[in-house]
Amino acid sequence: MGEDFKEIRTTVADLRIDAVAAAGYGISRSRMVEEIKAQNVFIDGVAAKKPSQEVTEGAEINFGKRAKVVVVEVGGTTKKGRVGLVLRRYV
């Protein structure tokens, strides 16, 4: 039996952990910055060092006791220069 997840297709200005995690968890980027500074956000099991830390395709993001978010695909850029993403938030 597989895990249930919600697929999220979105765009972000860049691949910073604060932007990607905020999109994946549906919260503001400023709130995510606070959580990163409080060391409540993890990338592949390691606490995120700073809000500007870059994430890559396949990265697993954990935030507190919430479900994990996985960066499934990093797509091309839009006309406005934003990066397309496919995320999976597991429930």
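Check the entry above for the structure.
In this text the structure is predicted, and so the values were computed from the model without any measurement.

> I would appreciate a short explanation of unusual backbone geometry in the present structure.
Excluding glycine, residues mostly carry a negative phi; peptide bonds, for their part, are mostly trans. Even without being glycine, Gln39 reaches a positive phi, approximately 60°. Mapping Gln39 onto the fold places it in the loop between helix H2 (29-37) and strand S2 (41-43). Phi is positive for Asp44, which is not a glycine, with a value near 50°. Tracing the backbone through its elements, the reader meets Asp44 in the loop between S2 and strand S3 (46-47).

> Explain the pattern of salt bridges here, please?
Side-chain pairing between opposite charges can occur once the charged atoms of the two side chains come close. Per the stated rule, a full pass over the model turns up seven salt bridges. With a closest N to O distance of 3.9 Å, Glu7 and Arg88 form a salt bridge. Placement of the pair is Glu7 in strand S1 (residues 5-12) and Arg88 in strand S6 (residues 83-90), with a sequence separation of 81 residues. Taking relative accessible area as the criterion, Glu7 reaches 39% and is therefore assigned partly exposed. Residue Arg29 pairs with Asp14 through a salt bridge whose shortest N-O separation is 3.9 Å. Taken together, the residues Arg29 in helix H2 and Asp14 in the loop between S1 and helix H1 (17-25) connect sequence positions 15 residues apart. On the basis of relative accessibility, which here comes to 34%, the residue Arg29 falls in the partly exposed class. Judged by relative accessible area, which is 28%, Asp14 ranks as partly exposed. What you see here is one network of salt bridges that share partners, running through Asp14, Arg16, Asp18 and Arg29.

> Got a minute to help me understand H1 in this structure?
Residue pairs spaced three or four apart in an α-helix point in one direction, given the helix's 3.6 residues per turn. In terms of burial, H1 is a largely internal element, eight of the nine residues being buried. Those residues of H1 not exposed but buried are Ile17, Asp18, Ala19, Val20, Ala21, Ala22, Gly24 and Tyr25. The inward-facing, buried residues of H1 abut S1, H2, S2, strand S4 (60-63), strand S5 (69-77) and S6. Phi for Gly26, located one or two positions after H1, is positive at around 70°.

What counts as what
Residues numbered from 1 in each chain as written. Predicted model: local features only at pLDDT ≥ 70, side-chain atom pairs only at ≥ 80, totals over all residues. Heavy atoms only, no water. Helix = DSSP H or I, 4+ residues; strand = E, 2+ residues; numbered from the N terminus. Salt bridge = Lys/Arg side-chain N within 4 Å of Asp/Glu carboxyl O. Buried < 20%, exposed > 50% of the residue type's maximum accessible area, 1.4 Å probe, protein only. Contact = heavy atoms within 4.5 Å.

Functional significance is not addressed by these values, which are geometric in nature.
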